[in-house]
Amino acid sequence: MVNTLEKDNKQPEAKKAQEKISIRDGYLPIPILFILPNNKLIGTEIFIAGPNAKAQVYLKEDADFTAAHRDFLLKKDVRYIYVHISNYNEYLKAVINDASGVLTAKDLPLEDKCHFTYAILLALAKRIIEVDINRNTFVDVLKICKNIIPLFVKYNNTYKHFHSCMLHDHANGVHSANVSVMLTAFARKIGIEDEKILTHCCCGGILHDIGKRFTPSDILNNTGKLSDFDLLIAQNHVIEGIKAIDKYSKLPSRVMSIISEHHETIDGEGYPKKLKAKEISIYGKMIGIVDMFEAMTSSRPYRPAPMTIDLALAEIRGIAGMKVDKTIAGSFTQLIDDQVRNVTCSDDYFDGLILDDLGLTPEIGANPSGRRHERYYFRAKVRISKLSRKEDKWVLSDPQYMFCSNMSVSGLALINDKERDLNQMVRIELEMPEEYEEKVQAIGKIVRCVNSGSMFTIGVEFLKNMEEVKVQEIYNLLK
């Protein structure tokens, strides 16, 4: 049978395919070790990885992928077949019923599972944008999102694997797929484990821009500055999306909050409802930051060159507390730092998000890495002296000046133009107004030092916590 297949398809023997074709080359993977062939791949061109991971046609569109083809490829140690991204509908039909089994398979690497999941979301996003929508569209979205959530629940470090395969361009569906992945990973980062909530985050991310189906393409692809009228039309995509969903389906309120609030800002200057901070749900605040970050770090018609991750994070930090929620922005920065930049978060990146502080139920959980002490943000000059042990005595170096950006009872964050050694013992002294006669000193240890571009952000942990009343008093004087 194998010889017949080789003869009929005029294909060279498939040699061991260690390299896989990249999604970035426009191909969607199907791990044939786990997914049985079925008639849903009828008439679809099938590819395998050829030399140097180049796509090689295995079956033409007029042939059917059968169990015999599958067995032949498995014997040749080929573990993936590929479908071109233009056949996204056929891809979804072929993989969705088996997705949950693939994602829980023990012998498939996490990286491969993430690539497979991203391919599903990308195909789904393209279908939402390019195919007529109906009630089944939204039923399928919820089903598909539910099937892939176990991957996020089981692993805490999925986003770094997603990031390695994600596209960052203006092609249809890419932005929505990226936002869906980021928002779901972000929800896990802040401690959400409930699969229903994660499903809603994934679903809301995929659907958040569905209203752009009704925005003229010349506005969406405009390379210059939009006129006031065109800008109004572009912004109307939020309302159009809500209307389209209401026409065919009734999605969970959490999903609708994500869709309706992704352009609201805490200062009340967002759209469409100009909601203010307390009126925006936690999910609206989260997707607002995710949507912004993804747009900044991807190419756009009006800005072909994407921003660097560092610059995009700096932009978000610059509007934290003014346009976006400061605490949520800090937690998102931690996600990117931990899983993309591979650096330890600086204290200057704000607190980790604590869910019970935001009115969510305790059973959802909280971010175990988030600090529990309230931080107070101000700018103050600080004298720093190194503490060194010499001849059984502690010796202070000459003081140097840095700037404090925030403080809690357990430590403070500093900004400086030079790198500092971790675990260095230091004495800090805040420069206070003349009328404040008491010195503000503390002994601490440098626990973080992160290069933030032209400056370093440094975290000092106090050896003994200050009293909360004392920190509040300092803040009221220096804010």
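That block above? That's the structure.
What counts, and where the lines are drawn
Residues numbered from 1 in each chain as written. Predicted model: local features only at pLDDT ≥ 70, side-chain atom pairs only at ≥ 80, totals over all residues. Heavy atoms only, no water. Helix = DSSP H or I, 4+ residues; strand = E, 2+ residues; numbered from the N terminus. Buried < 20%, exposed > 50% of the residue type's maximum accessible area, 1.4 Å probe, protein only. Contact = heavy atoms within 4.5 Å. Areas by Shrake-Rupley, 256 points an atom, 1.4 Å probe, with all protein chains shown as cover. Axes fitted to C-alpha atoms, helices over the stretch in contact; angles between N-to-C directions. Parallel < 35°, antiparallel > 145°, perpendicular 65-115°, else oblique. Left-handed = near helix turned anticlockwise from the far one by under 90°. Nonpolar A, V, L, I, M, F, W, Y, C, P; charged D, E, K, R; others polar. Pairing = 2+ DSSP bridges.

Engineer: What am I meant to see in the overall build of the protein chain here?
Structural biologist: Looking only at helices and strands, the protein chain features 17 helices and eleven strands. Looking at the protein chain as a whole, 53% of its 479 residues are labelled buried. Sequence separation of at least 24 residues holds for 69% of the intrachain contacts in the protein chain that already meet a minimum separation of 6. With the model as given, the accessible surface of the protein chain reaches about 22,700 Å², and the carbon-plus-sulfur share is 49%.

Engineer: Which parts of the structure should I look at to understand the packing of helix H13 (residues 253-261) against helix H14 (residues 282-296)?
Structural biologist: Packed helices, taken two at a time, are described by the angle between their axes plus the distance between the axes. Where H13 contacts H14, the axes come no closer than 8 Å and their chain directions differ by 45 degrees. Classed by the angle they form, the pair H13 and H14 counts as oblique. Crossing angle aside, the handedness with which H13 passes H14 is right-handed. Across the interface between the two elements, Arg254, Ser257, Ile258 and Glu261 of H13 pack against Tyr283, Gly284 and Ile287 of H14. Each residue belonging to the contact of H13 with H14 can be placed in one class, and the counts come to three nonpolar, two polar and two charged.

Engineer: It is not clear to me how the pairing of strand S2 (residues 46-49) should be interpreted in this structure. Could you clarify?
Structural biologist: Here is the key point about a regular strand: its side chains alternate between the two faces of the sheet. The two faces of S2 match: Ile46 and Ile48 on one face and Phe47 and Ala49 on the other face are all buried. For S2 and strand S3 (residues 55-59), the ladder comprises four bridges, and the chain directions are antiparallel. Bridge assignment links Ile48 to a residue of S3, and that residue is Gln56. With antiparallel pairing between neighbouring strands as the criterion, S2 and S3 make up a hairpin whose turn holds five residues, including Asn52 at a positive phi of roughly 55 degrees. Note: S2 against strand S4 (residues 80-84), two bridges, orientation antiparallel. The residue of S4 that forms the bridge with Ile46 is Val83.

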